[in-house]
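Report on the structure
Below, each chain spelled out in residue letters.
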Amino acid sequence: FPCEVIRNFSIIAHIDHGKSTLADRLLELTGTITKKDKGLNQQVLDKLKVERERGITGLSLSFSMFHEKNGTNYLLNLIDTPGHVDFSWEVARSLAACQGALLLVDASQGVQAQSISVFHVAREKGLTIIPVLNKIDLPAAQPEIVALQMQSTFGIDPADVIQISAKSGKGVEKVLQAIIDRIPPPVGDPSVPLKGFLFDSSYDRYRGVISLMSIQGGVLRKGDKIASCHTRKKYEVTELGVMHPEEVPTDCLRPGQVGFVACSMKESAEAHIGDTFYRVGHPVEPMPGFKPAKAMVYAGIYPVESSDFLKLEESIKRLCLTDRSVEVTRETSSALGQGCRLGFLGTLHLDVFRQRLEDEHDANVIITAPTVPYQIVHRDGSTSLVSNPTDFPDPLEFASGGRVRAVLEPIVKASIIVPEKYFSAMMDLCYEHRGTDLDWHPLDPPGQAGAAPAGEDSASTATATATATTDRVLMRATLPLAEIVTDFFDKLKSRSSGFASFDYEDAGYEKGDLRKMTFLLNHKPVDALALIVHAKAVDETGRYWVEKLFKIIPRQLFEVPIQAAVGNTIIARRTLSALRADVTAGLYGGHYERKLKHLNNQKESKRKMKKVGRIDLPQEAFFDLLSSK
Ligand code: GTP
């Protein structure tokens, strides 16, 4: 396959706009899979169970298809990108291997926050963008209006927009034609020294690391000796080929091709995303490097049974082999024992990881409240990152003579797209979460909104559609990341009746007025419950948590004071009164077996208790406490 007949492309879209469905249809239309092989709705792209359940494509995969046009057989490489805000890092890395992208927008929902962010990533990389409107079969679809929206938001000519239904297959053939006609072929010379760009990797228990590479120049063959520009380590290629849609071995990968490469690489840590490979003895200039994945959210993960720690650690390591963006370190908590602190790309990433631990490794875990990384600026000018609230400096350390000069917190620039009638609710939400630099402008071109049916009180479908796709505003705000890793997204959805879409990008660090809040049970601090709180929210947060602990913690044989404290100052307090112990006391005159059963029940529930100081906390208490704000 010479370069001229190769097309490397991605599908970029807001979550649920139909990316996987379209990919399936393309695979079907090119005969790569048949409807019989895979049920109409079972998407090959979403290989991981969790992702399919949640409808999220997390890790990216790549597929090669063949399509004939005017007697020429074209090789089309679809490089999948994840569809959630947490995974924007992966979008950028996948797009680096493409020359074009299908920008897919749901015709019933219109342009959403993430359509805009992925569009900008693709545009920055200089990709050819093919606008595609999906779901035109839906009664609520408004393709003409949404095409105008794409014009005003992206500068796209409505005449270039392809209207399709990925579900029924209508119009999908036109997409294939456009991929061939509009996307430029990759440039690459087979006679120059080999240059292979590693953009993804997975791990196979028997074959070691399997890399996905895009060949930028030269030809890669089985048996070739290659080396990494990054580590200078050498490997021998044992197997290579294309994904069609499963691995199909080939003799070589030529310039412009995208395929899998197995070599003598044993550790997935050696596969650096963004690395360039060359033939041993023929070094090349590496491709412009990649930003490494940056953990935005940290949480401690502990086994419910302390003795399960090693098993849990092993499971975490195994999962990390297939999810390279998770950071892992060991940590110990006096309340929860030995565990691991994990860094994730976002809270959804954390959720997906937790569910995979439970589904694939049968792990029973307690996860502490997510925390963002804080930067501590010391008086001597040095800085350090704190990803565990327990390590956050105490108030005394901020005082003159203390070692800390300031604390910086991560900040993001958020974009929210919302129908105008929810605009003020969204403003309030941003202000409640310490939002600043708020600005907004209408998303739809002037005059267009009025043309669409509108009206607040009618509950007809037409009205719902009008609310979804027209009269909308694009708001931007600067927010502390800590404010959006809790319940911000849920509030955004509920206060906009589900219509708001949201995306954010990293905007560095800013000084924050923050405090470490500790919780004391029976005068002993419980490290796993510590939180970092903004100074203004100290009282409210303290009262909220103490009340919550009061409701969740079972009464003990003795009185238990529950306190929230910042430094030595107690912010809130409740006291659990003592309980009488004898569970058989009420069973006077009862049968011997009945008593035994009760005692055994008590033993069983004891087993599931976590001992915190002298206090028995049922595991559910930790779940309840830590799974909500
Ligand atoms: P992520 O992988 O989570 O980013 O989602 P996605 O963009 O891949 O969306 P997916 O293909 O999973 O589609 C989301 C939902 O829209 C599914 O329920 C699809 O069945 C449905 N859907 C996709 N295309 C169409 C279409 O053309 N018409 C209709 N009516 N529904 C569609």
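The protein appears in an unreviewed UniProt entry as Tr-type G domain-containing protein from Ganoderma sinense ZZ0214-1. According to the UniProt record, the Function (unreviewed entry) comment for the protein reads "Promotes mitochondrial protein synthesis. May act as a fidelity factor of the translation reaction, by catalyzing a one-codon backward translocation of tRNAs on improperly translocated ribosomes. Binds to mitochondrial ribosomes in a GTP-dependent manner." The UniProt entry for the protein carries this comment under Catalytic activity (unreviewed entry): "GTP + H2O = GDP + phosphate + H(+)".

By the definition in use, this model includes zero disulfides. Cys 320 takes part in no disulfide bond, and the closest cysteine sulfur to it belongs to Cys 340, at a distance of 8.8 Å.

Take Glu 547: it is sitting in helix H15 (residues 538-552). In this structure, the C-alpha to C-alpha distance between Glu 547 and Arg 573, residues 26 residues apart in sequence, is 8.4 Å.

The next point concerns helix H8 (residues 347-361). The end-to-end C-alpha separation of H8 is 20 Å, in line with the 21 Å expected for 15 residues at 1.5 Å each. Buried residues of H8: Leu 348, His 349, Leu 350, Val 352, Phe 353, Gln 355, Arg 356 and Leu 357, and no others.

What follows is about the pairing of strand E20 (residues 374-378). In terms of burial, E20 is a largely internal element, four of the five residues being buried. Here E20 folds back onto strand E21 (residues 383-386) in antiparallel fashion, the turn holding four residues, of which Gly 381 has a positive phi close to 90°. Direction of pairing for E20 relative to strand E22 (residues 404-419): antiparallel, over a ladder of four bridges. Note that in E22 the partner of Ile 376 across the bridge is Val 407.

If you trace the backbone, Ser 214 turns up in strand E8 (residues 208-217). Engagement of the side chain of Ser 214 in a polar contact is seen with the side chain of Gln 216, the distance being 2.7 Å. Contacts of Ser 214, omitting those with residues within four sequence positions, involve Ala 97, Lys 195, Gly 196, Phe 197, Phe 199, Gln 257 and Val 258.

A separate point is the sheet that holds strand E18 (residues 337-344). Here four strands make up an open sheet; going across it, the order is E17-E18-E16-E19 and the pairing antiparallel. Of all the strands in the sheet, the pair left with one neighbour each is strand E17 (327-333) and strand E19 (365-367). The sheet shows a mean angle of 30° between the axes of neighbouring strands, direction not considered. Together, strand E16 (297-303), E18 and E19 form the strand contacts of H8, whose direction differs from that of E19 by roughly 170°.

This paragraph deals with the nonpolar core. If you look at the biggest cluster of nonpolar residues, it comprises 65 residues, and the most contacted ones within it are Phe 9, Ile 11, Leu 22, Leu 26, Leu 102, Leu 103 and Ile 164. Of the residues forming this core, the biggest block, six residues, is contributed by helix H6 (residues 172-182). For Leu 103, the residues in contact, after removing those within four places along its chain, are Ile 12, Ser 115, Phe 119, Ile 129, Ile 130, Pro 131, Val 132, Met 150, Phe 154 and Ile 156. Formed by 52 residues, the second largest nonpolar core is a distinct cluster that contains Phe 392, Val 412, Leu 438 and Leu 481.

With that settled, the discussion passes to unusual backbone geometry. Across residues other than glycine, the phi torsion is negative in most instances, and most of the peptide bonds are trans. Residue Lys 135 is not a glycine yet carries a positive backbone phi of 65°. Of note, Lys 135 is situated in the loop between strand E5 (128-134) and helix H5 (143-154). Given the relative accessible area of 22%, Lys 135 is considered partly exposed. Backbone geometry at Arg 434 places phi at a positive 60°, although glycine is not the residue there. The residue Arg 434 is located in the loop between helix H10 (423-432) and strand E23 (436-442) in this model.

Okay, the sheet that holds strand E6 (residues 162-163) next. The strand order E2-E3-E1-E4-E5-E6 describes an open sheet built from six strands, whose pairing is mixed. Looking along the sheet, the strands with just one partner apiece sit at the ends: strand E2 (62-69) and E6. Sheet topology note: the E5/E6 ladder contains two bridges and is parallel. Across the sheet, Leu 133 pairs through a bridge with Gln 163, a residue of E6. Along the sheet face, helix H4 (residues 113-124) touches strand E1 (6-13), strand E4 (100-106) and E5 and points at about 150° away from the line of E1. Against the sheet, H6 touches E1, E2, strand E3 (72-79), E4, E5 and E6, its axis set at about 90° to E2.

All chains considered together, the criterion is met by 18 salt bridges. Here Asp 106 makes a salt bridge to Lys 135, at a shortest N to O gap of 3.2 Å. One end of the pair, Asp 106, is in strand E4; the other, Lys 135, is in the loop between E5 and H5, and 29 residues separate them in sequence. Classification of Asp 106 by relative accessible area gives buried; the value is 3%. Here Arg 515 and Asp 513 are joined by a salt bridge, their closest N and O atoms 2.8 Å apart. Classification of Asp 513 as partly exposed rests on a relative accessible area of 40%. Counted as one network, the salt bridges with shared partners bring together Asp 351, Arg 354 and Glu 358.

Thresholds applied
- Counting starts from 1 at the beginning of each chain's written sequence and moves along it residue by residue.
- Selection of residues for local features in this predicted model requires a pLDDT of at least 70, selection of side-chain atom pairs for listing and counting requires 80 or more, and totals for whole chains, interfaces and linings are taken over all residues.
- Where side-chain values are given, they derive from all heavy atoms of the structure, hydrogens and water being excluded.
- UniProt positions are given in the numbering used here, feature names are shortened, and annotations may be inferred rather than shown by experiment.
- Note that a disulfide, as used here, is simply two cysteine sulfur atoms within 2.5 Å.
- Put simply, DSSP marks the helices as runs of H or I at least four residues long and the strands as runs of E at least two long, and each gets a number from the N terminus on.
- Under the convention used throughout, the expected extent of a helix is 1.5 Å for every residue step, that is, one less than its residue count.
- For every residue, the accessible area (1.4 Å probe, protein chains only) is compared with the maximum for its type, and the residue is labelled buried under 20%, exposed over 50%, or partly exposed between those bounds.
- The criterion for strand pairing is that DSSP finds at least two bridges linking the strands in question.
- In protein, a polar contact means a hydrogen-donor-capable atom and an acceptor-capable atom, both N or O and within 3.5 Å, with residues adjacent in sequence counting only if both atoms are side-chain atoms; elsewhere, any N or O pair within 3.5 Å suffices.
- Any pair of residues with heavy atoms lying within 4.5 Å of one another is described as a contacting pair.
- Throughout, an axis means a line fitted to C-alpha atoms (over the contacting stretch in the case of helices), and angles, computed between N-to-C directions, take values from 0 to 180 degrees.
- What we call a nonpolar core is a set of buried Ala, Val, Leu, Ile, Met, Phe, Trp, Tyr and Cys residues that are connected through their side-chain atoms within 4.5 Å.
- A pairing counts as a salt bridge when a side-chain nitrogen of Lys or Arg comes within 4 Å of a carboxyl oxygen of Asp or Glu.

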